[in-house]
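Observations on chain architecture
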Amino acid sequence: MADCIFCKIASKEIPSKLVYEDDYMMAFHDIEPQAPTHVVIIPKEHIGSLDDLSNEHKNLIGHIFLSIKDIAKALDLREGYRVVSNCGELGGQTVGHIHFHLLGGRQLQWPPG
Ligand code: AMP
Ligand code: ZN
């Protein structure tokens, strides 16, 4: 998508601090980290948000979640971590390309603000 910052990261038009990449997804360090480890995980395909998922995305989302587990292990988050996807305005979504935050390295509070 032309004006999508995460599509531009996926195409390498905008550089990122890459953690993991394959044909379907990318993981990179968040530019404004909210925890000692804060990685953003995106599909390379443009999908707006969780609300835009359909049956055709089942394999993709399954692949992303299994990869997140491996990324957490590679980043040594053995004491625990959180995976979050903000959806829509009240959910706090600011980038309109579905993504998953992987947060760890400190005690995370619940409920979030
Ligand atoms: P959200 O607010 O849930 O939509 O998450 C968007 C996240 O993307 C925020 O945590 C931003 O800090 C992060 N972000 C925005 N632009 C970039 C970028 N160029 N590189 C890395 N992270 C970014
Ligand atoms: Zn996009």
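Residues numbered from 1 in each chain as written. Chains lettered and ligands numbered in written order. Predicted model: local features only at pLDDT ≥ 70, side-chain atom pairs only at ≥ 80, totals over all residues. Heavy atoms only, no water.

Considering the coordination of the zinc ion (ligand 2)
Here the zinc ion (ligand 2) is held by the protein donor atoms Cys4 (SG), Cys7 (SG), His46 (ND1) and His97 (ND1), which lie 2.0 to 2.3 Å from it. One way to put it: the four donor atoms around the zinc ion (ligand 2) meet at angles of 103 to 116 degrees, and that makes the site tetrahedral. Along the chain, the residues donating to the zinc ion (ligand 2) are arranged with the sequence spacing C-x2-C-x38-H-x50-H. Classification of cysteine 4 as buried rests on a relative accessible area of 6%. (Donors = N, O, S within 2.8 Å, 3.2 Å for Na, K, Ca; no water. Tetrahedral: all angles 85-135°; square planar, octahedral: opposite > 155°, others 65-115°. Buried < 20%, exposed > 50% of the residue type's maximum accessible area, 1.4 Å probe, protein only.)

What about the pattern of salt bridges?
Opposite charge on two side chains permits them to pair, given that their charged atoms come into close proximity. Across all of its chains, the model carries four salt bridges by this definition. Of the charged contacts, one joins aspartate 3 and lysine 8 as a salt bridge, the two residues approaching to 4.0 Å between their closest N and O atoms. Its salt-bridge partner being lysine 44, residue glutamate 21 comes within 2.8 Å of it at the nearest N-O pair. Here lysine 44 lies in the loop between strand 3 (37-43) and helix 2 (58-74) and glutamate 21 lies in strand 1 (residues 18-21), a separation of 23 residues in the sequence. Lysine 44 sits in the partly exposed class, given a relative accessible area of 26%. One continuous salt-bridge network, built from bridges that share partners, spans Lys12, Glu21 and Lys44. (Salt bridge = Lys/Arg side-chain N within 4 Å of Asp/Glu carboxyl O. Helix = DSSP H or I, 4+ residues; strand = E, 2+ residues; numbered from the N terminus.)

Let's talk about the nonpolar core
Within the largest apolar cluster, 15 residues are counted, with the highest numbers of intra-cluster contacts made by Ile41, Ile64, Ile68, Ile71, Phe100 and Leu102. Elements with a minimum of two residues in this core: strand 2 (25-29), strand 3, helix 2 and strand 5 (100-104). Here the element with the most residues in this core is helix 2; it accounts for six residues. Setting aside residues up to four positions removed in sequence, phenylalanine 100 forms contacts with Val39, Val40, Ile41, Ile61, Ile64, Phe65, Ile68, Val83, Val84 and Ser85. Formed by 10 residues, the second largest nonpolar core is a distinct cluster that contains Cys4, Ala10, Met26 and Val40. (Core = buried A, V, L, I, M, F, W, Y, C linked by side-chain atoms within 4.5 Å. Contact = heavy atoms within 4.5 Å.)

Brief notes about the side chain of histidine 38
Secondary-structure assignment places histidine 38 in strand 3. Residue histidine 38 is classed as buried on the basis of its relative accessible area of 4%. In terms of polar contacts, histidine 38 uses its side chain to reach the backbone amide nitrogen of glutamine 34, at 3.0 Å. Polar contacts involving the side chain of histidine 38 include one to the side chain of histidine 101, which spans 2.8 Å. In this view, histidine 38 contacts Phe28, His29, Asp30, Glu32, Pro33, His101, Leu102 and Leu103; residues no more than four positions away in its chain are not counted. (Polar contact = N/O pair within 3.5 Å; in protein donor to acceptor, adjacent residues only side chain to side chain.)

Interpretation note: all reported values are geometric properties and have no functional meaning in isolation.
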